[in-house]
Amino acid sequence: MIPLVECSNVCVNYGSFEACKNVSFSVNPGDYVCIVGSNGSGKTTLVKAILGLVPIKSGKINLDRLHTGYLPQQKNIQKDFPASVKEVVLSGCLSSSSFFHTKADRQNAEFQIQRLQLSHLANKPFSALSGGQQQRVLLARALCAAKNMLVLDEPVTGLDPIVTDELYSIIQDLNKKDGIAILMVSHDVHRAVQNATHILQMNTSPLFFGKSKDYAKTDLYKLMSQVEVCETHCGNHCGPDCNASHIHIRKYIND
């Protein structure tokens, strides 16, 4: 089986700072891989390196980027631009070599809109949608390019629990029913073990890569399970109304 993604001893630096060091892992067709770890452990940097958005210092990455869909973190997405849902989804089609989209592009966009049950919103302004609806639209956009694999960076950040469950269910169906491989950064280690086939835990370097059922038996999982993750803020700066502990797991690992 030829891997969809293969990383071999990948290192990424920001100046003199080592963001990722000696990362080796692979994603095969049909896999659902979750990347977990504390804030600053290199999860998002690794994803960006895989997608060619940041340069690597050393190592090797093999990936068919043309047929890989990408849904970045919400904070990196402009949500107020003046476009309809249909136009946003269509912008994810990569086959066009000119300003005008092809018939195949339009059919692809329409298929993704129907796939994610967005037909009733197709002509509405993107900026008028709720956060959960916007994220579903952006997922449809990413799927326009996702022939083989979908890369997601904390896709449920800031969403309420009901919408979070809906989005996780959609991602699960895309993997199990449609055979799309998933590579996802997540702060929710419990859901990662529940849904994913494989876990990659990062702390600049990989601490674990293997099957989810094996990861669930490790001390690493037990430690990560003790970290209370705020569903509203997901580890970002919170106000006095937030009761989550936001313990930094690296403290335990280094101790």
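Given the structure is predicted, the values throughout are model-derived calculations rather than measurements. (Residues numbered from 1 in each chain as written. Predicted model: local features only at pLDDT ≥ 70, side-chain atom pairs only at ≥ 80, totals over all residues. Heavy atoms only, no water.)

**Q** What is the right way to look at the packing of aromatic side chains in this model?
**A** Each aromatic ring pair is specified by the distance between its two centres and by the angle formed by the two planes. Enumeration according to the criterion identifies three aromatic pairs in this entry. Seen in terms of ring centroids, F208 and Y215 are 5.1 Å apart; in terms of plane orientation they differ by 50°. Their pairing is tilted. For F208, a relative accessible area of 16% corresponds to the buried category. On the basis of relative accessibility, which here comes to 0%, the residue Y215 falls in the buried class. Taking 5.6 Å as the distance between ring centres and 65° as the angle between the ring planes, the aromatic pair formed by Y215 and Y221 counts as edge-to-face. Residue classification places Y221 among the buried residues on the basis of a relative accessible area of 16%. (Phe/Tyr/Trp six-rings, centres within 6.5 Å; stacked < 30°, edge-to-face > 60°. Buried < 20%, exposed > 50% of the residue type's maximum accessible area, 1.4 Å probe, protein only.)

**Q** Please explain the sheet that holds strand β6 (residues 149-153) as it appears in this structure.
**A** The strands making up a sheet associate through hydrogen bonds between their backbones, and the pairing can be parallel or antiparallel. If you trace the six strands from one edge of the open sheet to the other, you get β5-β6-β7-β3-β8-β9, paired in mixed fashion. Unpaired on one side and paired on the other, β5 (68-71) and β9 (205-211) mark the two borders of the sheet. Averaged over all pairs of adjacent strands, the angle between their axes in this sheet comes to 15°, without regard to strand direction. Summarising the sheet, β6 and strand β7 (residues 181-185) pair through five bridges and their orientation is parallel. (Pairing = 2+ DSSP bridges. Helix = DSSP H or I, 4+ residues; strand = E, 2+ residues; numbered from the N terminus. Axes fitted to C-alpha atoms, helices over the stretch in contact; angles between N-to-C directions.)

**Q** What's the story with unusual backbone geometry in this structure? I'm lost.
**A** Glycine aside, the phi torsion of most residues is negative, and most peptide linkages are trans. Even without being glycine, N9 reaches a positive phi, approximately 50°. Relative to the elements of secondary structure, N9 occurs in strand β1 (residues 5-14). Residue class for N9 comes out partly exposed when judged on its relative accessible area of 45%.

**Q** I tried to follow the side chain of T45 on my own but got confused; where do I start?
**A** Looking at the element boundaries, T45 is found in helix α1 (residues 43-50). With residues up to four places along the chain from it excluded, the contact list for T45 reads V12, Y14, A19, C20 and V54. (Contact = heavy atoms within 4.5 Å.)

**Q** Would you mind going over the sheet that holds β1 with me for this structure?
**A** If you walk across this open sheet you meet the three strands as β2-β1-β4, and the pairing is antiparallel. The sheet is open, and its two edges are formed by β2 (17-27) and β4 (58-63), each paired on a single side. Put simply, the sheet's adjacent strands are angled 25° from each other on average, direction ignored. Here β1 runs beside β4; their pairing, made up of five bridges, is antiparallel. For C11, the partnering residue across the bridge sits in β4 and is S58. Against the sheet, α1 engages β1, β2 and β4, with an angle of about 65° to β2.

**Q** Hey, could you run me through helix α5 (residues 161-176) in this one?
**A** Side chains that are three or four residues apart share a direction in an α-helix, a result of its 3.6 residues per turn. In this model, α5 (16 residues) spans 22 Å end to end at C-alpha, consistent with the 22 Å of a helix rising 1.5 Å per residue. By the burial criterion, the buried members of α5 are V163, T164, L167, Y168, I170, I171, Q172, L174 and N175. By the N-cap criterion, in which a side-chain oxygen at the helix start approaches the backbone nitrogen of a residue two or three places on, α5 is capped by D160, the distance to I162 being 3.0 Å. (Expected span 1.5 Å × (residues − 1). Polar contact = N/O pair within 3.5 Å; in protein donor to acceptor, adjacent residues only side chain to side chain.)

**Q** Would you mind going over the nonpolar core with me for this structure?
**A** In globular proteins that are soluble, nonpolar side chains generally tend to be buried together. Within the largest apolar cluster, 48 residues are counted, with the highest numbers of intra-cluster contacts made by L139, L150, I199 and Y215. Ignoring sequence-local partners within four residues, the contact set of L150 consists of G69, Y70, L139, A142, L143, L174, I180, A181, I182 and L183. In terms of nonpolar packing, the next biggest core, distinct from the first, is built from 26 residues, V23, V185, L200 and M202 among them. (Core = buried A, V, L, I, M, F, W, Y, C linked by side-chain atoms within 4.5 Å.)

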